[in-house]
Amino acid sequence: MTPGGKKKRMTFFFRPVLLWMALIFSLTLLCLPAGGCGIGKGQVECREDAVLMDTLVSIKAYGEGASAAVGEAMEMIRKMDSLFDRYREGSDVWRVNEMAGVGPVLVDDLTFQLVEEGLFYGELTGGALDITVGPLVDLWQIGREGNDGGIPTPNEIEKRLSTVGYWKVVLDGNKRTVFLPEKGMSLDLGAVAKGFASRRAAELLRERGVRSASIAVGGNVYALGARPDGKPWQVGVKDPWSKDRLVAKLKVTGRAVDTAGGYERFLEVGGLRFSHIIDPRCGQPASKVVSATVVADDPVRADALATAVCVLGGEDGLALLDSLPDAAGLIITGDGKVLLSSRFSALLEDVQLSGGR
Ligand code: AMP
Ligand code: MG
């Protein structure tokens, strides 16, 4: 922040390669043409890619029924995108935000579930993850096309902070309504929506009999079962400073791996990078962690915790992960240190580390 809260020009970076970098975190598989089915490892092998939820979505599945199931799963993610996108006029989240301070809004069952879960993670992370962070996201505009290269003044931040608070959201489970009681409040489900999409897609694939698949929604990767040859899936954790280098190779079966961080979407001023992940407690972009990778059974849990760890920083992030028996993480701090939570190796089939910077 500049002294006296004066606006200062900054260079704005939003790299279109973000979509492609999502592949770095995706599972290492045989290269198939973008979309379609073939025979691989003696089984039907189907893949579909799409740009949804502001990122690259890639689903690959094996076995009988994979073809129809992959298409259906992608359609479901498309539907969720249209419900959760706060910038899309008429979406559930857009309508809830429009009615802030006015009245409750009836939403789709999927939206209600995700809001409920987002509030749960607000509580679990002590407010590091807060789905009412929308007013601050709008103020900073990091990673958005409308960004004018300026940073907000302390007064502006203070004003917006007063409208943030997950505990204020009023849910009515019987009526399936969401109500933001104060004018200026605004939901942003961006930190949990990708995990929710992965989870629902995995549920659908399982219902259709698929026992081996990979679902990558941006940095959220879910390994459904093992690979068709029975081996674990492999997920690479990218070096935030060098796109061609991996800091770790993880082998995983039946679990989710989510990587969050400010190294793809950021504002830069005088060599300092401002992440698109905002600390809802002080209104500033999270700065202590460059990237956080979280492993958990459930993709939403991995998604929520990865974003929260970016806000909490290395020490508090590790403490949070160590307090949860079903989660673990790899944290890369601003000074290039690679920190592992105590259960990191236990939740993975194998971990190969290449070290920090
Ligand atoms: P992710 O990519 O999962 O880390 O989510 C980042 C997105 O979530 C951002 O682009 C914002 O839309 C939103 N967001 C930023 N900071 C937070 C936060 N502290 N809690 C909840 N959502 C956030
Ligand atoms: Mg997240």
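Going by the structure above, here's the rest.
These numbers were taken from a predicted model, which means no experiment stands behind them.

Student: Which residues make up the coordination of the magnesium ion (ligand 2), and what values go with them?
Tutor: Note on the magnesium ion (ligand 2): its protein donors are Ala-191 (O), Asp-303 (O), Asp-303 (OD) and Thr-307 (OG1). The metal-donor distances range over 2.0 to 2.5 Å. Sequence spacing of the donor residues for the magnesium ion (ligand 2), all on one chain, is A-x111-D-x3-T. One end of the pair, Asp-303, and the other, Thr-307, are both in helix 8 (residues 299–312), four residues apart, so they sit about a helical turn from each other. Neither residue differs from the other here; Asp-303 and Thr-307 are each classed as buried.

Student: Tell me about the packing of aromatic side chains, residues and numbers included.
Tutor: Overall, the coordinates contain four aromatic pairs when judged by the stated rule. Note on Phe-120 and Tyr-121: the rings are 4.9 Å apart at their centroids and 80 degrees apart in plane angle, and the pair reads as edge-to-face. Residue Tyr-121 is classed as buried on the basis of its relative accessible area, which comes to 3%.

Student: Let's hear about the environment of Val-107: which residues, and what values?
Tutor: Here Val-107 is to be found in the loop between strand 5 (105–106) and helix 4 (109–124). Taking relative accessible area as the criterion, Val-107 reaches 2% and is therefore assigned buried. Measuring from C-alpha to C-alpha, the distance between Val-107 and Ser-91 comes to 9.2 Å, with 16 residues separating the pair along the chain. Not counting residues within four places of it along the chain, the set of residues in contact with Val-107 comprises Asp-92, Arg-95, Val-96, Phe-112, Arg-176 and Val-178.

Student: Please provide a residue-by-residue account of the pairing of strand 4 (residues 55–62), values included.
Tutor: Burial analysis of strand 4 places eight of its eight residues in the buried class, the great majority of the element. As paired elements, strand 3 (residues 43–52) and strand 4 share eight bridges and run antiparallel to each other. Opposite Arg-47, over in strand 4, you have Lys-60 as the bridge partner. In sequence, strand 3 turns back onto strand 4 through a hairpin of two residues, with Met-53 there showing a positive phi of about 50 degrees. The pairing of strand 4 with strand 8 (residues 212–217) spans six bridges and is classified as antiparallel. Bridging from a neighbouring strand, Lys-60 pairs with Ser-214 of strand 8.

Student: Explain helix 7 (residues 193–207) to me, and be specific about the residues and the numbers.
Tutor: For helix 7, with 15 residues, the first-to-last C-alpha span of 21 Å sits near the 21 Å given by 1.5 Å per residue. Along helix 7, the positions that sit buried rather than exposed are Ala-193, Gly-195, Phe-196, Ala-197, Ser-198, Arg-199, Arg-200, Ala-201, Ala-202, Leu-204 and Leu-205. Considering only its buried residues, helix 7 is in contact with strand 4, helix 2 (66–84), helix 4, strand 8, strand 9 (220–224) and helix 8. Downstream of helix 7 by a residue or two, Gly-209 has a phi angle that is positive, lying close to 90 degrees.

Rules of the game
- Residues numbered from 1 in each chain as written.
- Chains lettered and ligands numbered in written order.
- Predicted model: local features only at pLDDT ≥ 70, side-chain atom pairs only at ≥ 80, totals over all residues.
- Heavy atoms only, no water.
- Donors = N, O, S within 2.8 Å, 3.2 Å for Na, K, Ca; no water.
- Helix = DSSP H or I, 4+ residues; strand = E, 2+ residues; numbered from the N terminus.
- Buried < 20%, exposed > 50% of the residue type's maximum accessible area, 1.4 Å probe, protein only.
- Phe/Tyr/Trp six-rings, centres within 6.5 Å; stacked < 30°, edge-to-face > 60°.
- Contact = heavy atoms within 4.5 Å.
- Pairing = 2+ DSSP bridges.
- Expected span 1.5 Å × (residues − 1).

Interpretation note: all reported values are geometric properties and have no functional meaning in isolation.
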